[in-house]
Amino acid sequence: MNKLLAFGLMLFSGLVVAQTPAPELLQIIDKSTKYVVNTPKGPIEITRVMTPCAKNKGWLQPLIPIKGVVPVDEIDVLNALNDKDSIVVDMRVVDDRVKGTIPGSIGIPYTEVAMRMDELGCKKPAAGSTQWDCSKAKKVYAFCNGPVCPQSPMAMAAMTRDGFPATKIYYYRGGMLDWDALGLTTVKGEF
């Protein structure tokens, strides 16, 4: 009986292991990295497993992706939603935005933001110039899927390259992952 029970537990544990997602190397910015921490009990490798909470692929983004960008949290985003000098921008692709976004945010996909800076308070560049006039730009609160999403950091790089001041960009790194995890209201079907 004990052998049968032990065999059953071994089979069951094998099923549990088989259903657990395999860990992958920790990706920081755009590089896969083996990250080992020395603890009193010996070295431990830090990996990332795609759990239901950490569902989106990508790589860990820095808190300040571009020098001068200001990191913000949910309270800052909430206050920005009612600030006439600010605009909260969902920089995710439309397919993600329609599934749920922050109420009051506007959608400008990261691949389009450099062409649509007029919606952020900038004036189109003069003929032959690549630099926008962003002297009257709004404060932009940018977000995407969460701490491992590269979409808004890529958009910020394009914005600053084309003349948008980094000091007017506020990065909500937590994005929709943290917003949803906190149970904050979302709206669906927004383009």
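Treat the numbers as computed from the prediction; the structure is a model and nothing was measured.

Visitor: How do you make sense of the overall build of the protein when you look at a structure like this?
Guide: Scanning the protein from terminus to terminus reveals 5 helices and 9 strands. Seen in sequence order, the protein has helices and strands lined up from the N terminus as α-β-β-β-β-β-α-β-α-β-β-α-β-α. Each of the 191 residues in the protein was classed as buried or not, and the buried ones make up 35%. The contacts of the protein with a sequence gap of at least 6 include a subset with a gap of at least 24, amounting to 65%. Accessible surface computed for the protein: about 11400 Å², of which carbon and sulfur atoms make up 61%.

Visitor: Hey, could you run me through the pattern of salt bridges in this one?
Guide: Side chains that differ in charge, positive against negative, can pair when their charged atoms come close. In this structure the tally under the stated criterion is 7 salt bridges. Among the ionic pairs, lysine 84 bridges to aspartate 85, the shortest N-O distance being 3.6 Å. We classify lysine 84 as exposed; its relative accessible area is 65%. Here glutamate 119 ties to arginine 116 by a salt bridge, and the two come within 2.7 Å at their closest N and O atoms. Using a relative accessible area of 36% as the deciding quantity, one classes glutamate 119 as partly exposed.

Visitor: When you look at the packing of aromatic side chains in this model, what are you seeing that I'm missing?
Guide: For any pair of aromatic rings, the description consists of the separation of the ring centres together with the inter-plane angle of the planes. Taken as a whole and judged by the stated rule, the model has 2 aromatic pairs. Measuring from centroid to centroid gives 4.7 Å for tyrosine 141 and tyrosine 170, while their planes differ by 10 degrees, and the two rings are stacked. Residue tyrosine 141 is found in strand E8 (residues 139-143), and its partner tyrosine 170 is found in strand E9 (residues 169-171); the two are separated by 29 residues along the sequence.

Visitor: Looking at this model, I keep getting lost on the confidence of the model for the protein. Mind explaining?
Guide: Chain-level pLDDT for the protein is 84 on average; 77% of the residues reach the 70-or-more range. Of the regions scoring below 50 in pLDDT, residues 1-22 engages in 3 contacts with residues more than four places distant in sequence or in other chains.

Visitor: Would you explain the sheet that holds strand E6 (residues 86-90) in this entry?
Guide: Backbone hydrogen bonds hold the strands of a sheet together, and the pairing may be parallel or antiparallel. In space, the 5 strands of this open sheet follow the order E5-E9-E8-E6-E7, with parallel pairing throughout. This sheet does not close on itself; its edge strands, each paired only once, are strand E5 (70-71) and strand E7 (106-107). In terms of strand pairing, E6 meets E8 through 5 bridges, oriented parallel. Residue pairing across strands places valine 89 opposite alanine 142, the latter belonging to E8. Those strands touched by helix H4 (residues 151-161) are E8 and E9, and its axis lies near 165 degrees from that of E9.

Visitor: Can you walk me through the state of the cysteines in this structure?
Guide: Each disulfide consists of a covalent bond between the sulfur atoms of two cysteine residues. Throughout the structure, instances matching the rule amount to 1 disulfide. At a sulfur-sulfur separation of 2.2 Å, the disulfide partner of cysteine 122 is cysteine 134. Given an S-S torsion of about 110 degrees, the disulfide between cysteine 122 and cysteine 134 has right-handed geometry. Of this pair, cysteine 122 sits in the loop between E7 and E8 while cysteine 134 is found in the loop between E7 and E8, placing the two residues 12 residues apart along the sequence. Its relative accessible area of 5% is what places cysteine 122 among the buried residues.

Visitor: In this structure, what is going on with the side chain of serine 86? I would like to understand it.
Guide: Turning to its location among the elements, serine 86 is positioned in strand E6. There is a polar contact of 2.8 Å between the side chain of serine 86 and the side chain of aspartate 83. Discounting residues that sit within four places of it in the chain, serine 86 has contacts with Ala80, Lys139 and Tyr141.

Visitor: Can you help me understand the nonpolar core in this one?
Guide: Most often, soluble globular proteins have nonpolar side chains that are buried together. Counting 22 residues, the largest nonpolar core has Met91, Met117, Leu120, Val140, Met159 and Phe164 as the members making the most contacts within it. Counting only elements with at least two residues in this core, the list comes to E6, E8, H4 and E9. Of all the elements, H4 adds the most residues to this core, at 3 residues. One finds Val88, Tyr172, Met176 and Trp179 within the second-largest nonpolar core, a separate group that totals 11 residues.

Rules behind the numbers
Residues numbered from 1 in each chain as written. Predicted model: local features only at pLDDT ≥ 70, side-chain atom pairs only at ≥ 80, totals over all residues. Heavy atoms only, no water. Helix = DSSP H or I, 4+ residues; strand = E, 2+ residues; numbered from the N terminus. Buried < 20%, exposed > 50% of the residue type's maximum accessible area, 1.4 Å probe, protein only. Contact = heavy atoms within 4.5 Å. Areas by Shrake-Rupley, 256 points an atom, 1.4 Å probe, with all protein chains shown as cover. Salt bridge = Lys/Arg side-chain N within 4 Å of Asp/Glu carboxyl O. Phe/Tyr/Trp six-rings, centres within 6.5 Å; stacked < 30°, edge-to-face > 60°. pLDDT = per-residue confidence, 0-100. Pairing = 2+ DSSP bridges. Axes fitted to C-alpha atoms, helices over the stretch in contact; angles between N-to-C directions. Disulfide = S-S within 2.5 Å. Polar contact = N/O pair within 3.5 Å; in protein donor to acceptor, adjacent residues only side chain to side chain. Core = buried A, V, L, I, M, F, W, Y, C linked by side-chain atoms within 4.5 Å.

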